[in-house]
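Structural overview
Here's the letter readout for the chains.
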Amino acid sequence: AVVSTQSTGHTIDMDFAVKNPGLLMTARVQLPLGIHPAVRVSDVDISGILRLEFLMRSDITLPSIQNLKITFLSRPSVYFNVELIGMDLDTFGIGSMIHNIVEDAIQENLVYPGMVYLDLADLNAGVKTTMIKKDPLLHPAVVSVNVTLTPANATQPKTSIEAWVDCGEDCTRKTVLGNEGSHQFDLFLDDFSSPDTRVRVIDRKTLSSDVNWLDMEHNVLDQIRRGALKETTHKTHAEGSSAWNITVDFWTFLLPDIELVSDNTTSSLLLVPSLFSQTNCTASPESGEHGVFSFFLHHAQNLTAEDDLDDIYAIIKFDGATVITTETAASSGDSPRFDVKFEKLLRGVEITEHTVEIEIWDWDRWSGDDLIGAAKFSVSRSMKINEATPIYIDDSPHGALFISTVFRPVPFL
């Protein structure tokens, strides 16, 4: 008999609120002169959007849950009252400072993709809990905005219509549409601290003020909560006897997490199990050629060179362009550690037409740096976790690099 193991994933988003209007705790602190005042914490109020994701497997004993992930989709609001020696610290502004510190700590550690990860695969051995911090180099979501301008009755055609998209705090993209055109803006969302995306269609003027044909804001986080992959807005702009139709399509996609954790027993890297990694949807050709490619360079092993290996660094190229030049590795020698990563949005060509090249160099103060070895490979859907990749010079092996690569399809790119 053949027994197949099935994995199913479930995600629950909820408005989360904890309110405790009474006394939460009392503690005594020691101050100079033998004073032991009481500190009272009361009126706790925490609210936000909580996400629970759990992976179930048929080969695990009841309740058949392999792991549980707990995270917030946005910075939660935190309030509580603190009194010291009968004085309300809010009177001095200290309470607000404490609230901000707590919110910052939650934002740093528990807002997606930061999370608490609970391994429930073997309850007899106990529950293993891991705090997975948010990584600023790994993006939680992809946003795409398509702006289409179509003349309905343009008796006086325009040539200077522009589309602008502002996403987050620093990202601004623009393009010229002319009298008619369409453009899709593909963006990484760095975090959920600024979830509003602003879209403008502007008639640029040379001798007078610009005219906004469209100026709207779209909350990416609200769209994710509604579970809507695509949402569309229509507007008609009229000037005299001329009119133009404007269509704005918003796509949002929360990227599946690909957190890597260290296995303390084997000192190796493991991919945190999720429905994405268990079903390995990266290997499905029908998933499409468009998505997010994530690359990790962990460390090197058994490097060989004619000189001492004291100041090793790496250059990583994507499609021939340098994306990372590392600092000199902290632990040089024949097995230096790098721990660097990058992500790229891929669309428009076959995945295998993209390449990654890694060069390992030994820095030299007095002469040119020495190439230790290099590796080059094509991007693929196949997932690699802490996989050894040999490096060569003129077909001669000079050690190995340990890398991880993951491709996550995005349906609208």
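1. Description of the overall build of the protein chain
Looking only at helices and strands, one finds three helices and 25 strands in the protein chain. By residue count, 44% of the 413 residues in the protein chain fall in the buried class. Summarising the internal contacts of the protein chain: among those between residues at least 6 apart in sequence, 64% fall at separations of at least 24. Of the roughly 21200 Å² of accessible surface on the protein chain, a fraction of 51% belongs to carbon and sulfur atoms.

2. Notes on the nonpolar core
Formed by 40 residues in total, the largest nonpolar core has its most connected members in Val145, Val147, Phe192, Val199 and Val248. Setting aside residues up to four positions removed in sequence, Val248 forms contacts with Val145, Asn146, Val199, Leu214, Met216, Glu231, Thr232 and Thr233. Ranked by size, the runner-up nonpolar core spans 28 residues in total, among them Phe318, Ile324, Ile358 and Phe407.

3. What about the pattern of salt bridges?
The final tally for this structure, using the stated rule, is 12 salt bridges. Between Arg408 and Glu343 there is a salt bridge, with the nearest N and O atoms lying 2.7 Å from each other. Of this pair, Arg408 sits in strand β25 (residues 396-409) while Glu343 sits in strand β21 (residues 337-346), placing them 65 residues apart in sequence. Arg408 gets classed as buried once you look at its relative accessible area, which sits at 3%. The buried category is assigned to Glu343, whose relative accessible area is 9%. Salt bridges linked by common partners bring Lys158, Asp203, Lys205 and Glu239 together as one network.

4. Notes on the packing of aromatic side chains
All chains considered together, the criterion is met by seven aromatic pairs. For the ring pair Phe293 and Phe342, a centre distance of 6.3 Å and an interplane angle of 65° mean the geometry is edge-to-face. Of this pair, Phe293 sits in strand β18 (residues 291-301) while Phe342 sits in strand β21, and the two are 49 residues apart along the sequence. Grouping residues by exposure puts Phe293 and Phe342 together as buried. Here the aromatic residues Phe293, Phe295, Phe318, Phe342 and Phe377 are joined through ring pairs into a cluster of three or more. Here the guanidinium or amino end of Lys384 rests over the ring plane of Phe377, the centre of that ring lying 4.6 Å away.

5. Structural notes on the sheet that holds strand β10 (residues 171-176)
Read from one edge of the open sheet, four strands run β10-β9-β12-β13, paired in antiparallel fashion. Looking at which strands have only one partner, the edges of the open sheet turn out to be β10 and β13 (211-219). Taking each pair of neighbouring strands and ignoring which way they run, the sheet shows an average axis angle of 15°. Inspection of the sheet shows strand β12 (residues 196-203) paired to β13 by eight bridges, in the antiparallel sense. In the sheet register, Arg200 faces β13, and the bridge partner there is Asp215.

6. What to know about the sheet that holds strand β11 (residues 181-189)
One open sheet holds the four strands; their spatial order is β11-β8-β15-β14, and the pairing between them is antiparallel. Looking at strand neighbours, the two that pair on one side only are β11 and β14 (230-239), the edges of this open sheet. Direction aside, the axes of adjacent strands within the sheet are offset by 15° on average. Strand direction decides the pairing type here: strand β8 (residues 141-151) and strand β15 (residues 242-254), joined by 11 bridges, are antiparallel.

7. Side note on a negative patch on the surface
A surface patch of negative charge is lined by Glu306, Asp307, Asp308 and Asp310. On the basis of relative accessibility, which here comes to 47%, the residue Asp307 falls in the partly exposed class.

8. Concerning the side chain of Asp249
Position of Asp249 among the secondary structure elements: in strand β15. Within the structure, the side chain of Asp249 is placed 2.6 Å from the side chain of Thr232, a separation counted as a polar contact. Beyond its immediate sequence surroundings of up to four residues, Asp249 is in contact with Ser144, Val145, Asn146, Lys230, Glu231 and Thr232.

9. Description of the confidence of the model for the protein chain
Residues of the protein chain with pLDDT of at least 70 account for 79%, and the chain-wide mean is 80. Across the protein chain, strand β20 (residues 321-325) holds the top mean pLDDT of 95, while strand β5 (residues 87-88) sits lowest at 53. This stretch, residues 1-5, has a pLDDT under 50; its non-local contacts, to residues over four places away or in other chains, come to four contacts.

10. Concerning the side chain of Thr405
Inspection of the secondary structure assignment puts Thr405 in strand β25. Residue Thr405 is classed as buried on the basis of its relative accessible area of 3%. Dropping the residues within four chain positions of it, Thr405 is found in contact with Phe293, Ser294, Phe295, Phe377, Ser382, Met383 and Lys384.

11. A few points about unusual backbone geometry
Look at Asn386: it is not a glycine, yet its phi comes out positive at around 55°. For Asn386, the location among the structural elements is in strand β24 (residues 384-393). Of note in the backbone geometry, Asp395 takes a positive phi value of approximately 70° without being a glycine. Along the polypeptide, Asp395 turns up in the loop between β24 and β25.

12. Notes on the environment of Leu345
Summarising the element assignment, Leu345 is placed in strand β21. Take Leu345: its relative accessible area is 27%, and that puts it in the partly exposed class. Setting aside residues no more than four positions away along its own chain, Leu345 makes contact with Val142, Asp186, Leu187, Phe188, Gly291, Val292 and Leu413.

13. Some details on the pairing of β8
Judged by how many residues are buried, β8 sits mostly within the fold: eight of 11 residues are covered. Judged from the nine bridges that link them, β8 and β11 form a sheet pairing that is antiparallel. Note that in β11 the partner of Ala141 across the bridge is Leu189.

Cut-off values and rules
Think of each chain on its own: its residues are numbered from 1, step by step along the sequence as written. Per-residue local features are limited, in this predicted model, to residues with pLDDT of at least 70; the limit for side-chain atom pairs, both in listing and counting, is 80 or more; totals at the level of whole chains, interfaces and linings are taken over all residues. Processing note: side-chain calculations cover all non-hydrogen atoms of the structure and skip hydrogens and water entirely. Segments assigned H or I by DSSP are reported as helices when at least four residues long, segments assigned E as strands when at least two residues long, and all are numbered from the N terminus. Whether a residue is buried, partly exposed or exposed follows from its accessible area with a 1.4 Å probe, protein chains only, as a fraction of its type maximum: under 20%, in between, or over 50%, in that order. Any two residues whose heavy atoms approach within 4.5 Å are treated as being in contact. Computed with the Shrake-Rupley method and a 1.4 Å probe, the accessible areas treat only the protein chains shown as cover for residues. Here, nonpolar core refers to any group of buried Ala, Val, Leu, Ile, Met, Phe, Trp, Tyr and Cys residues whose side-chain atoms link them within 4.5 Å. Just to be clear on terms, a salt bridge is a Lys or Arg side-chain nitrogen sitting within 4 Å of an Asp or Glu carboxyl oxygen. Ring geometry is summarised as follows: Phe, Tyr and Trp rings, the Trp one being its six-membered ring, pair when their centres sit within 6.5 Å, and such pairs are stacked at plane angles under 30 degrees, edge-to-face over 60 and tilted between the two. Either the NZ atom of lysine or the CZ atom of arginine qualifies as a charge over a ring when it sits within 6 Å of the ring centre and within 35 degrees of the ring normal. Pairing between strands is defined by DSSP: at least two bridges between them are needed. As a rule, the C-alpha atoms of each element are fitted with a line to give its axis, helices using only the stretch in contact, and angles between N-to-C directions run from 0 to 180 degrees. Candidates for patches are residues over 30% relative accessible area with no salt bridge; among them, like charges are joined within 9 Å and nonpolar side chains (Val, Leu, Ile, Met, Phe, Trp, Tyr) within 5 Å. Charge assignment in this entry is limited to Lys and Arg as positive and Asp and Glu as negative, and neither His nor the chain termini are counted. Every charge is mapped onto a representative atom, which is NZ of Lys, CZ of Arg, CG of Asp or CD of Glu. Counting of polar contacts relies on pairs of N or O atoms within 3.5 Å, with two restrictions inside protein: one atom must be capable of donating a hydrogen and the other of accepting it, and residues adjacent in sequence are counted only when both atoms are side-chain atoms. The quantity known as pLDDT measures the predictor's confidence residue by residue, on a range of 0 to 100.

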